[in-house]
Amino acid sequence: MRKILKRILCLTLIVLMLLPLLVACMGKKEDEKGSALDLETLAETMPDDGVGIQDFGGRTIRLLGWTEACKNEFEVSEEEMQASESTLKQAIYMRNEAVKGRLNVDLKWTYVSGAAGSEEGYVSTAKSRLTSQKVDILTPYSRVGNLLMIQGYAQDLKGISTIRLDDPWWSACFLENASINDKIYFAAGDMSWTLMGMTFAFCYNKNILKRTPGVLNQFGVDSMYDLVMDGKWTLESMRILAQAVTTNRTFGITGYHVAMDAFYKGCDLDWMEVDPSTGNQIISDDQNSGRANDVVRQLTSLFNTSASAVEVKQNMNYGELAQAGNFSNPSNPEWQKGRSLFVFNSIISITDYKFNELSFDFGVLPMPMYDEEQSGYKTIPDFEYSMCVIPRQISDADAEVFGAVLTVMASEGFMRTARAYYSEVLKKQSSNSVEDYNMWDTIKQSIDLDGGRLFDWQIACCGVWGCFRNALASKEDSLAGKWASTGQTMISDAEKMNQKMQELESQYGN
């Protein structure tokens, strides 16, 4: 079985290594009519997304994005694509050309402020443009989706036949965890590379590990990758390795304080879940569990030793982050200096901070599990990615058209931009190996958002995930104190949200 799996991974890797070359060639080769793609090429390469090739009469599809989003998340001009050596930019351009060619549409984005602190401003603009019929599809910052939903501006994506949320280009966690009364009002996936780019993961310094020979022998493995694949990458092994390499010049672990949220999910803990008997979103018992308390205890203990260079903050200071060079993804100085074995942060930090130019080799790992009994690795992204919303205030016919546009954007993204982004990140690693791809795929498959992230504005003003982060910031040894002060509020707020959505559906006759 291991030999078969290795052959499959090798073949997959070959495809991934060749794809950027194919994308680059396709992006710069035009036919006699000057078109980057023709229908024959599209028919040969398009995925089975159920949409096929349609003719929407050259209609312009108007999308509303947010100005603080990552550059080139959705758009790359032909001139920029041709002048760039970036396989990701080429793939984004070709994805959009595929959407236009397959559906005979044009895509036109406009952007307004909408990141953290500006969410309500985005919603206000969206309302105005919907009222005046000046926008078709909304692609907001992730935390705006639930605001549009609760104010009645998002329709159920499951009711649109041209969207199949169980296809691999949509993040499965939305289908499983974003439902209220069997309706899903927003989604994300390979329509944009930022969901993966913003996902929290670990990197490790291979040079430091080499300076501590035999440290992995106690786990019966020869490499960090084997530790992951054997299911032994846990909080305990992380602690042991971090402390084993610590000296007066070397730390075991550092990381971005917001990324600490991912330890909670990494240990297979839920913030919210769907009640199977009612379909309602409810606060998970995990938030008041012995497991959650133990995770806080273990992390607090580690972060307050000499092995840690983690700066634990209770409240994010946006001014400080901006001055550090990146609003949503600050650097980790001890890692940049080669003085930390581990760093936890979003994957985009690999490219943002040019890890390929650092003085050491590195590898990428998923978030550690709670223990070896856990069924698999899990993680979450930071909030700086885009969702898609189809407005409730449009006709059924338009909803089917816009659903087709989003589906083709996601499926073509799955075929093009997701693989190109992998290639961009892989260039920053020290080798192009099956193990590298295996780690990448493990991380992508481990993304597991739940209602605690997706509906956070509705629950104790974001306290649903803040309990865990703030307990670590306060150096507490459990979640008990934070739960005692906010638990009942969260439970009550979840009930109010469910009731509000039932009233909205009754109002609209659903």
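This is a predicted model, so every value here is computed, not measured. (Residues numbered from 1 in each chain as written. Predicted model: local features only at pLDDT ≥ 70, side-chain atom pairs only at ≥ 80, totals over all residues. Heavy atoms only, no water.)

### Here we look at the confidence of the model for the chain
Of the residues in the chain, 86% reach a pLDDT of 70 or more, and the chain-wide mean stands at 88. The low-confidence segment residues 1-36 (pLDDT under 50) makes 45 contacts with residues lying over four places distant or belonging to another chain. This model gives residues 316-327 a pLDDT under 50, and the stretch forms 18 contacts once residues within four places in sequence are excluded. (pLDDT = per-residue confidence, 0-100. Contact = heavy atoms within 4.5 Å.)

### Re the environment of E495
For E495, the location among the structural elements is in helix 22 (residues 480-507). Exposure remark for E495: the relative accessible area of 51% places this residue in the exposed category. Measuring from C-alpha to C-alpha, the distance between E495 and N280 comes to 8.1 Å, with 215 residues separating the pair along the chain. (Helix = DSSP H or I, 4+ residues; strand = E, 2+ residues; numbered from the N terminus. Buried < 20%, exposed > 50% of the residue type's maximum accessible area, 1.4 Å probe, protein only.)

### Regarding the sheet that holds strand 2 (residues 105-112)
Sheet architecture is open: three strands sit in the order 2-1-3, paired in parallel fashion. In this open sheet, the two edge strands, each paired with only one partner strand, are strand 2 and strand 3 (137-138). Relative to strand 2, strand 1 (residues 59-66) runs parallel, the two being bridged by eight bridges. Across the sheet, the residue bridging to G65 is Y111, located in strand 2. Of the strands in this sheet, strand 1, strand 2 and strand 3 are in contact with helix 17 (residues 396-415), which crosses strand 1 at around 65°. (Pairing = 2+ DSSP bridges. Axes fitted to C-alpha atoms, helices over the stretch in contact; angles between N-to-C directions.)

### Comments concerning the packing of helix 13 (residues 290-303) against helix 21 (residues 463-473)
Two numbers describe how helix 13 lies on helix 21: the axes approach to 9 Å, and their chain directions differ by 35°. Two packed elements cross with a definite hand, and for helix 13 against helix 21 that hand is right-handed. Contacts between helix 13 and helix 21 involve V295, V296, L299, T300 and F303 on the former and, on the latter, F468, A471 and L472. Within the contact of helix 13 with helix 21, the residues separate by chemical class into seven nonpolar, one polar and no charged. (Left-handed = near helix turned anticlockwise from the far one by under 90°. Nonpolar A, V, L, I, M, F, W, Y, C, P; charged D, E, K, R; others polar.)

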